[in-house]
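Given next are the chains, with one letter for each unit.
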Amino acid sequence: QVQLVESGGGLVQAGGSLRLSCAASGRTFSSYAMGWFRQAPGKERQFVAAISGGGGLTVYADSVKGRFTISRDNAKNTVYLQMNSLKPEDTAVYYCAAHYNIATMAESDSWGQGTQVTVSE
């Protein structure tokens, strides 16, 4: 199991940007696909983006495509989520996850504690 710690959340006005980071423990970081999910109050957890172990494959939810960019630095054991043109509906707790299979990222048993992103009108 991988230990994950997110950071970078905060309060931003609509149209602004934030960059989330997720630092992972362990020596096999590049073996894992990494993903970002979010959960708003009263709603189910929602997939946001994922990236393969080598970084060559990325997948995005339609709601964030063109605004968010996922990337990773395997030398730093860190995955990032650059969020631009933020909207109030992006407000949620954002979680990162690690899994061997990018296609089944939601089944991961390795999750961070979450970081709050709040987008004001």
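Check the entry above for the structure.
Description of the structure in this document. Computed from a predicted model, the values in this text were never measured in an experiment. (Residues numbered from 1 in each chain as written. Predicted model: local features only at pLDDT ≥ 70, side-chain atom pairs only at ≥ 80, totals over all residues. Heavy atoms only, no water.)

**A few points about the overall build of the protein chain**
What the protein chain contains, in helices and strands, is zero helices and 11 strands. Dimensions along the principal axes, computed over C-alpha positions, put the protein chain at roughly 40 × 25 × 25 Å. Relative to its full complement of 121 residues, the protein chain shows a buried share of 45%. As displayed, the protein chain offers around 6100 Å² of accessible surface, 47% of which is attributable to carbon and sulfur atoms. One way to put it: in the protein chain the 10 positive side-chain charges average out to a point 6 Å from where the 9 negative ones average out. (Helix = DSSP H or I, 4+ residues; strand = E, 2+ residues; numbered from the N terminus. Buried < 20%, exposed > 50% of the residue type's maximum accessible area, 1.4 Å probe, protein only. Areas by Shrake-Rupley, 256 points an atom, 1.4 Å probe, with all protein chains shown as cover. Lys, Arg positive; Asp, Glu negative; His and termini not counted. Charge placed at Lys NZ, Arg CZ, Asp CG, Glu CD.)

**A word on the side chain of Ser 110**
Turning to its location among the elements, Ser 110 is positioned in strand β10 (residues 110-111). Judged by relative accessible area, Ser 110 falls into the buried class, the value being 2%. Setting aside anything within four residues of it in sequence, one finds Ser 110 in contact with Gln 1, Val 2, Leu 4, Cys 96, Ala 97 and Ala 98. (Contact = heavy atoms within 4.5 Å.)

**A closer look at the packing of aromatic side chains**
Taken as a whole and assessed by the stated rule, the structure comprises three aromatic pairs. Judged by centre distance (4.7 Å) and plane angle (25°), the rings of Tyr 32 and Tyr 100 are stacked. In this pair, Tyr 32 sits in the loop between β3 (18-24) and β4 (33-39) while Tyr 100 sits in the loop between β9 (92-99) and β10, placing the two residues 68 residues apart along the sequence. Residue classification places Tyr 32 among the buried positions, given a relative accessible area of 10%. With a centroid separation of 5.0 Å and 65° between ring planes, the pair formed by Phe 37 and Trp 111 is classed as edge-to-face. (Phe/Tyr/Trp six-rings, centres within 6.5 Å; stacked < 30°, edge-to-face > 60°.)

**Description of the side chain of Arg 67**
If you trace the backbone, Arg 67 turns up in the loop between β6 (58-60) and β7 (68-73). Of the residues examined, Arg 67 reaches a relative accessible area of 11% and is grouped as buried. Sequence-distant contacts of Arg 67, that is, excluding residues within four places in its chain, are made with Gln 82, Met 83, Asn 84, Ser 85, Leu 86, Lys 87 and Asp 90.

**Re the pairing of β4**
Where burial is concerned, most of β4 is hidden: six out of the seven residues are buried. Examined bridge by bridge, β4 and β9 share seven bridges and lie antiparallel to one another. Within β9, the residue paired with Ala 33 across the bridge is His 99. Two strands pair when backbone bridges link them, and β4 and strand β5 (residues 46-51) are joined in this way by five bridges, in the antiparallel orientation. Residue pairing for β5: Met 34 is matched across the bridge by Ile 51. (Pairing = 2+ DSSP bridges.)

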